[in-house]
Amino acid sequence: MKPKSTNESRTITTDMVLPSETNHLNHMFGGELLARMDRAAYITARRHSRRIAVTASVNHVAFNTAIPVGSVVTIEAHVSRTFKTSMEVFIDVFLEDRISGVRTKANEAIYTFVAVDDTMKPVEVAPIAPETEIEKQRYDAALRRRQLSLVLAGKMKPSEAHELKALFE
Ligand SMILES: CC(C)(COP(=O)(O)OP(=O)(O)OC[C@H]1O[C@@H](n2cnc3c(N)ncnc32)[C@H](O)[C@@H]1OP(=O)(O)O)[C@@H](O)C(=O)NCCC(=O)NCCS
């Protein structure tokens with residue numbers, strides 16, 4: 001299959017944080033952010049594969065910054081790498097300063113989706129062509145993350161995770 005550009009499937013959503021989406025400290029619930037990230041990542045996986053996509057794994061989430069009520073939150077999702085039927089999607093979360101309008105990165109996550117047909121059978125997806133330096137770094141590291149995720153899920157033997165093992169040698 002012909003490689004596709006990350007821009008063909010990149011998804012950007014912007015929304016604010018309502019009081020009903022926060023905890024007693026008036027910070028956004030982690031689960032609310034996970035759901036927003038899942039939706040943006042799903043749209044990205046669907047745009048890339050032009051198939052139904054299901055979340056196979058949440059590989060990494062970093063809640064580095066608390067998000068106060070009333071914040072304007074922008075979520076950017078892009079496909080960082082594809083394998084045969086699976087797609088790793090990287091999600092960056094930004095907050096917008098109310099006065100200056102400057103965006104700062106608050107959180108990030110990495111999800112894995114699998115493209116499936118109407119019977120839920122995994123189907124092949126096109127490769128991705130990373131363009132920017134950061135997209136290339138994320139592409140290179142995706143193989144190690146896939147191996148870690150599969151080992152943790154009991155779907156790969158640690159002895160077969162060669163790229164992952166190489167990190168510790
Ligand atoms: C995701 C799902 C389709 C995978 O089915 P499966 O029987 O494991 O299929 P396969 O073994 O053929 O794996 C399919 C792909 O998923 C990848 N995969 C499966 N589990 C994974 C995990 N934990 N981490 C990373 N990749 C994973 C496999 O490596 C494979 O990728 P590849 O084709 O690119 O090499 C199946 O588990 C499923 O339908 N899960 C429910 C999905 C869902 O409902 N999500 C919403 C959350 S409630």
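Quick note: structure is the one above.
Residues numbered from 1 in each chain as written. Predicted model: local features only at pLDDT ≥ 70, side-chain atom pairs only at ≥ 80, totals over all residues.

## Some remarks on the site of the ligand
Around the ligand, 18 residues are found, and the nearest of them are Phe83, Lys84, Thr85, Ser86 and Ser149. For the shell around the ligand, the secondary structure elements donating two or more residues are β3 (52-62), β6 (103-116) and α2 (133-152). Per-class residue counts for the shell around the ligand are nine nonpolar, six polar and three charged. (Near = placed C-beta within 6 Å. Helix = DSSP H or I, 4+ residues; strand = E, 2+ residues; numbered from the N terminus. Nonpolar A, V, L, I, M, F, W, Y, C, P; charged D, E, K, R; others polar.)

## What to know about the nonpolar core
Of all hydrophobic cores here, the largest spans 27 residues; its most connected members are Ala41, Val89, Ile91 and Phe113. Listing elements by their share of this core, those giving two or more residues are α1 (30-49), β4 (72-82), β5 (86-96) and β6. Here this core gets seven residues from one element, more than from any other, and that element is β6. Residues in contact with Phe113, not counting those within four places in the same chain, are Ala41, Tyr42, Ala45, Ala53, Val54, Thr55, Ala56, Ser86, Met87 and Val89. (Core = buried A, V, L, I, M, F, W, Y, C linked by C-beta atoms within 7 Å. Buried ≥ 20, exposed ≤ 12 C-beta atoms within 10 Å, placed from the backbone. Contact = placed C-beta atoms within 7 Å.)

## Focus on the sheet that holds β5
Pairing within the open sheet is antiparallel, and its five strands lie in the order β2-β4-β5-β6-β3. The outermost strands of the open sheet, each flanked by one partner alone, are β2 (11-16) and β3. Looking at each pair of strands side by side, their axes are set apart by 25 degrees on average, direction ignored. In terms of strand pairing, β4 meets β5 through nine bridges, oriented antiparallel. (Pairing = 2+ DSSP bridges. Axes fitted to C-alpha atoms, helices over the stretch in contact; angles between N-to-C directions.)

## Topic: α2
Helix length check: α2 (20 residues) gives 29 Å between terminal C-alpha atoms against 28 Å at 1.5 Å per residue, within 8%. A maximum bend of about 35 degrees is found in α2 at Ala142. Restricting attention to buried positions, one finds in α2 the residues Arg138, Tyr139, Ala142, Arg145, Arg146, Ser149 and Leu150. In the core, the buried residues of α2 are packed alongside β3, β4, β5 and β6. Phi turns positive, to about 75 degrees, at Gly154, one or two residues after α2. (Expected span 1.5 Å × (residues − 1). Bend = angle between axes of the 7 residues up to and from the residue.)

## With respect to the environment of Met120
Along the chain, Met120 falls in the loop between β6 and β7 (128-129). A sequence separation of 22 residues divides Met120 from Arg98, and the C-alpha atoms of the two residues are 44 Å apart.

## Quick look at α1
Over its 20 residues, α1 runs 28 Å from end to end, which matches the ideal 28 Å to within 8%, given 1.5 Å per residue. Where α1 is concerned, the buried positions are Leu33, Met37, Ala40, Ala41, Thr44, Ala45, His48 and Ser49. Down the axis, α1 shows its buried residues gathered within 160 degrees of arc, on one side only. Away from its buried face by more than 90 degrees, α1 exposes Gly31 and Ala35. (Arc of directions from axis to C-beta.)

## Some remarks on the pairing of β6
Bridge count between β3 and β6: nine bridges; the pairing is antiparallel. Bridging from a neighbouring strand, Val61 pairs with Ala109 of β6. Bridging between β5 and β6 involves 11 bridges; their strand directions are antiparallel. Pairing of Glu96 across the sheet is with Arg103, part of β6. Hairpin geometry of β5 and β6 is characterised by an intervening segment of six residues between the two adjacent antiparallel strands and by a positive phi of about 80 degrees at Gly101.

## A look at the environment of Ser100
Summarising the element assignment, Ser100 is placed in the loop between β5 and β6. Among the residues examined, Ser100 registers 7 C-beta atoms within 10 Å and is labelled exposed. Sequence separation between Ser100 and Pro19 is 81 residues; the distance between their C-alpha atoms is 23 Å.

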